[in-house]
Amino acid sequence: MWGSDSFLVISPSEPIVAMLGMDTVLPCHVSPAMSAENMELRWFRSEFSEAVYVYQDGMEQVGEQLVDFKGRAELVKDYITEGRVSVRIYSLRISDSGIYKCFFKKGSEFQEATLELKVIGLGSGPHVFMVGPEGTGIRLTCTGKRWFPQPEVQWKDAMGEKIPSLSEVETQDDDGLFQIEASLIVRDSSKREVSCSMKNPFFGQEQVETISIPESFFPRTSPWMTAFAVTFIILGIFLGAVVFLAWKERQEKKRTQEAQAEKEKESKDKESLEKELGRRKQLYQQDWRKAKLYADWRKEQFEAVAVTLDPDTAHHNLILSENRKQVSLMGNAPQNCDASGRQGQGESETIFSVLGQNCFTTGRHYWEIEVNIGTEVGLEPRWAVGVCSDTAERNGWFVESPEKNFWVIAYNKGVLISRPESLSLRQHPQRIGVFLDLEDKDVSFYNMVDGSHIYSFTGITFYGTLHPYLSLQGAGTYVTICSASDDTENYPESSPKTHLKSRDMGVAQEANPLLPP
């Protein structure tokens with residue numbers, strides 16, 4: 001359960017990219033927003049003791065600060081009262097690149113977040129030189145200095161065609177900056193104009209230099225050399241064909257072996273997965289009441305109910321389908337204002353509701369409902385699903401609350417609610433499972449699309465006989481009772497992501513996963 005001092009620390013999800021020698025900031029903030037003036041704030045590298053900056057008791061603490069950051073780091077606290085602070089680092093060095101962590105502590109509560117800083121340097125160059133004749137061509141060299149990270153080097157001819165480098169040599173100086181030297185031998189005298197470019201892989205900034213080679217610099221080729229070259233090429237093609245055929249045969253054999261190995265691995269993985277699911281399901285079944293997750297496994301503990309709507313309990317503005325599995329609003333029905341805003345105001349408003357014919361006094365039962373929200377222009381749609389007692393008052397306008405013997409979740413003005421609070425979900429559910437446990441006095445709701453838990457009423461004292469309950473409002477909105485044959489195949493994930501809430505003596509709680517990963 002979250003306390004009043006609980007919070008999260010949030011940092012940028014993308015790396016922070018900054019130029020060598022410039023300044024940058026490493027921002028972090030707390031959520032929910034709260035003042036960080038009296039917190040302990042710490043930015044550090046891989047170890048807690050490797051402090052980049054420490055703020056405690058309302059002032060900077062330099063005793064634990066790394067020598068490299070003394071005089072180069074300061075706290076930016078313009079918005080510290082809102083929990084938004086940053087550490088500014090001056091005169092960036094290559095050694096400043098890497099992972100940082102920001103640590104916030106308030107009383108006994110503390111949290112931290114991770115940031116990544118990438119320092120880049122756009123060095124000098126490229127500079128292209130003609131070294132001289134080599135074999136049947138001219139050797140060119142392209143050099144660049146003080147780059148970080150290592151730049152991408154590319155040679156091109158006058159037509160923009162890429163030419164691969166003969167060799168590339170990279171070294172790093174004492175500051176960690178790269179020195180690059182790439183070589184190329186130009187043998188085609190038609191390529192007398194060659195360019196060399198160096199590009200930073202982070203920023204994509206590119207620098208280019210072009211050199212022109214006079215035709216007279218290229219060595220002349222004698223006739224016997226031409227004949228030798230043609231013979232050598234033919235021989236090379238023949239040998240290449242032999243090598244290629246042998247290589248192709250080996251590759252086919254290798255692919256067959258790899259396919260067989262992959263098939264065996266898939267079989268083992270499938271068997272392992274089935275065993276793991278069996279183990280998890282066994283653990284779940286041992287104590288399923290405490291696990292507010294895995295809706296498909298939970299259904300095995302409940303009796304599936306074929307709910308049929310009762311026309312005798314339906315409001316006259318509602319339309320039931322012939323099979324009594326779907327309910328919608330009449331096209332000329334009056335569109336009420338927000339019913340939640342009428343409580344205690346004495347105005348005569350009406351909630352359009354209907355009960356299921358099914359009656360429950362004992363046992364465990366579940367059914368599924370699919371909600372379709374209308375898109376027609378008019379009043380925003382509203383719906384509610386759950387259970388109610390036959391002792392509940394449903395004439396005119398009434399409050400759908402546990403105190404009035406209604407246990408429902410409702411959608412109103414784009415928000416999913418369960419009195420007296422709003423529910424925070426990743427997405428609004430369209431297919432909802434209602435789990436009624438009269439033995440343990442519990443009513444739970446699940447999103448049957450992803451199997452996540454929505455809300456639970458626990459510790460309930462039931463009066464009278466319980467019935468499935470539906471209400472709706474808004475043009476084009478309709479609710480359908482799903483049959484058992486419509487069940488979707490939802491496989492439980494290993495770790496639920498939805499926050500779970502329960503209602504016990506009016507206190508909302510955050511549930512912890514029951515099963516180990």
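Notes on the structure in this doc start here. Each chain has its residues counted from 1, running along the sequence as written. Selection of residues for local features in this predicted model requires a pLDDT of at least 70, selection of side-chain atom pairs for listing and counting requires 80 or more, and totals for whole chains, interfaces and linings are taken over all residues. In computing side-chain properties, one takes all heavy atoms of the structure into account and sets aside hydrogens as well as water.

Glancing now at the overall build of the protein chain. To qualify as a helix, a DSSP run of H or I must reach at least 4 residues; to qualify as a strand, a run of E must reach at least 2; elements of each kind are numbered from the N terminus. A count of helical and extended segments in the protein chain gives two helices and 34 strands. Throughout, the Shrake-Rupley method with a 1.4 Å probe supplies accessible areas, and for residues the shown protein chains are the sole cover considered. Per element, the accessible surface of the protein chain, about 28700 Å² overall, is 51% carbon and sulfur.

Only protein chains enter the calculation, and the probe is 1.4 Å; a residue is then buried if its accessible area is under 20% of its type maximum, exposed if over 50%, and partly exposed in between. For strand 29 (residues 442-447), the buried fraction is high: six of the six residues fall into the buried class. Every second residue of strand 29 is oriented toward a common face, with Asp442, Ser444 and Tyr446 on one face and Val443, Phe445 and Asn447 on the other, all of them buried. Here, a strand pair is defined by DSSP locating no fewer than two bridges between the strands. Of the strand pairs in this sheet, strand 28 (residues 431-437) and strand 29 are connected by six bridges, and their pairing is antiparallel. Pairing of Leu436 across the sheet is with Val443, part of strand 29. Between the antiparallel neighbours strand 28 and strand 29 lie four residues, among them Lys441 with a positive phi of about 55°. Bridge analysis of strand 29 against strand 30 (residues 452-458) gives six bridges, and the strand direction is antiparallel. The residue bridging Asn447 from the neighbouring strand is Ser452, located in strand 30. The loop that links strand 29 with its antiparallel partner strand 30 comprises four residues; one of these, Gly451, has a positive phi angle of about 75°.

Here a salt bridge means any side-chain nitrogen of Lys or Arg lying within 4 Å of a carboxyl oxygen belonging to Asp or Glu. Evaluated as defined, the whole model comprises 16 salt bridges. For Glu40, the salt bridge goes to Arg42, with nearest N and O atoms at 3.6 Å. By relative accessible area, which is 14% here, Glu40 ends up buried. What makes Arg42 buried here is its relative accessible area of 2%. Between Glu112 and Lys101 there is a salt bridge; the shortest N-O distance is 3.7 Å.

Looking now at the sheet that holds strand 14 (residues 162-163). Reading across the sheet, the four strands line up as 14-13-17-18 and stay open at both edges, with antiparallel pairing between neighbours. Because the sheet does not close on itself, it has two edges, and the strands there are strand 14 and strand 18 (206-212). The sheet contact formed by strand 13 (residues 152-157) and strand 17 (residues 193-199) spans six bridges and is antiparallel. Note on strand 17: the bridge partner recorded for Gln154 is Ser197.

Moving on to the side chain of Ser444. Relative to the elements of secondary structure, Ser444 occurs in strand 29. On the basis of relative accessibility, which here comes to 0%, the residue Ser444 falls in the buried class. In protein, a polar contact means a hydrogen-donor-capable atom and an acceptor-capable atom, both N or O and within 3.5 Å, with residues adjacent in sequence counting only if both atoms are side-chain atoms; elsewhere, any N or O pair within 3.5 Å suffices. Within the structure, the side chain of Ser444 is placed 2.7 Å from the side chain of Asp442, a separation counted as a polar contact. A polar contact of 2.7 Å, which involves the side chain of Ser444, links it to the side chain of Ser456.

General note: in soluble globular proteins, nonpolar side chains tend to be found buried as a group. The biggest cluster of nonpolar side chains holds 51 residues, and the ones touching the most others in it are Leu41, Trp43, Phe104 and Trp155. In what follows, a contact means two residues having at least one pair of non-hydrogen atoms within 4.5 Å. Apart from residues lying up to four places away in sequence, Leu41 is in contact with Ala36, Tyr53, Val54, Tyr55, Leu75, Ile80, Val85, Phe103 and Phe104. The nonpolar core is taken to be a set of buried Ala, Val, Leu, Ile, Met, Phe, Trp, Tyr and Cys residues, with the residues joined through side-chain atoms within 4.5 Å. Membership of the second largest hydrophobic core comes to 37 residues, among which are Phe360, Val434, Leu436 and Phe462.

What follows is about the pairing of strand 24 (residues 382-389). The buried fraction of strand 24 is high, at eight of eight residues. Neither face of strand 24 is left uncovered, since the one carrying Arg382, Ala384, Gly386 and Cys388 and the one carrying Trp383, Val385, Val387 and Ser389 both have all their residues buried. Summarising the sheet, strand 24 and strand 25 (residues 406-412) pair through seven bridges and their orientation is antiparallel. From the neighbouring strand, Arg382 faces strand 25, where its bridge partner is Asn412. For strand 24 and strand 31 (residues 466-473), the ladder comprises eight bridges, and the chain directions are antiparallel. Bridging from a neighbouring strand, Gly386 pairs with Tyr469 of strand 31.

In this section: the state of the cysteines. The criterion for a disulfide is a pair of cysteine sulfur atoms lying within 2.5 Å. This model, assessed by the stated rule, comprises two disulfides. Bridging Cys142 to Cys196, the disulfide has an S-S length of 2.0 Å. Where Cys142 bonds to Cys196 through sulfur, the torsion about that S-S bond is close to -85°, and the disulfide is left-handed. You can see Cys142 sitting in strand 12 (residues 137-147) and its partner Cys196 sitting in strand 17, a full 54 residues away along the chain. Take Cys142 and Cys196: they sit in the same class, and that class is buried. Going through the protein chain in sequence order and numbering each bonded cysteine, the pairs you get are 1-2, 3-4.

Right, let's talk about the packing of aromatic side chains for a bit. Any aromatic ring pair is given by two values, namely how distant the centres are and how the planes are angled relative to each other. Side-chain rings of Phe, Tyr and Trp (the six-membered ring for Trp) are treated as a pair once their centres are within 6.5 Å; stacked means planes under 30 degrees apart, edge-to-face means over 60, and tilted covers the remaining angles. Inspection of the entire model under this criterion finds 16 aromatic pairs. Centroid distance Trp383 to Tyr411: 5.8 Å. Interplanar angle 5°. Geometry classified as stacked. Note that Trp383 is positioned in strand 24 and Tyr411 in strand 25, a separation of 28 residues in sequence. Trp383 sits in the buried class, given a relative accessible area of 1%. The rings of Phe44, Phe48, Phe103 and Phe110 are connected pair by pair, giving a single aromatic cluster. The lysine or arginine in question, Arg84, covers the ring of Tyr79, its NZ or CZ lying 4.6 Å from the ring centre. Whether a charge sits over a ring comes down to the Lys NZ or Arg CZ being within 6 Å of the ring centre and within 35 degrees of the ring normal.

This brings us to the sheet that holds strand 3 (residues 24-31). Strands sit in the order 1-3-8-7 across an open sheet of four strands; the sheet is antiparallel. With partners counted over all chains shown, the strands left at the sheet margins are strand 1 (8-10) and strand 7 (73-79), one partner each. Strand after strand, the sheet turns through a mean of 25° between neighbouring axes, direction not considered. Bridging between strand 1 and strand 3 involves three bridges; their strand directions are antiparallel. From the neighbouring strand, Ile10 faces strand 3, where its bridge partner is His29. Where helices are involved, their axes are fitted lines through C-alpha atoms of the stretch in contact, as for all axes, and angles between N-to-C directions lie from 0 to 180°.

Considering the arrangement of structural elements, one finds Met22 in the loop between strand 2 (16-19) and strand 3. The sequence separation of Met22 and Leu92 amounts to 70 residues, and the corresponding C-alpha distance is 5.5 Å.

Turning our attention to a nonpolar patch on the surface. Patch membership is restricted to residues that have no salt bridge and whose relative accessible area is over 30%. Joining uses 9 Å for like charges and 5 Å for the nonpolar side chains Val, Leu, Ile, Met, Phe, Trp and Tyr. A contiguous nonpolar patch, built from Leu235, Phe238, Leu239 and Val242 and spanning about 400 Å² of accessible area, is present on the exposed surface. For Leu239, the position within the fold is in helix 1 (residues 223-286). Judged by its relative accessible area of 47%, Leu239 is partly exposed.

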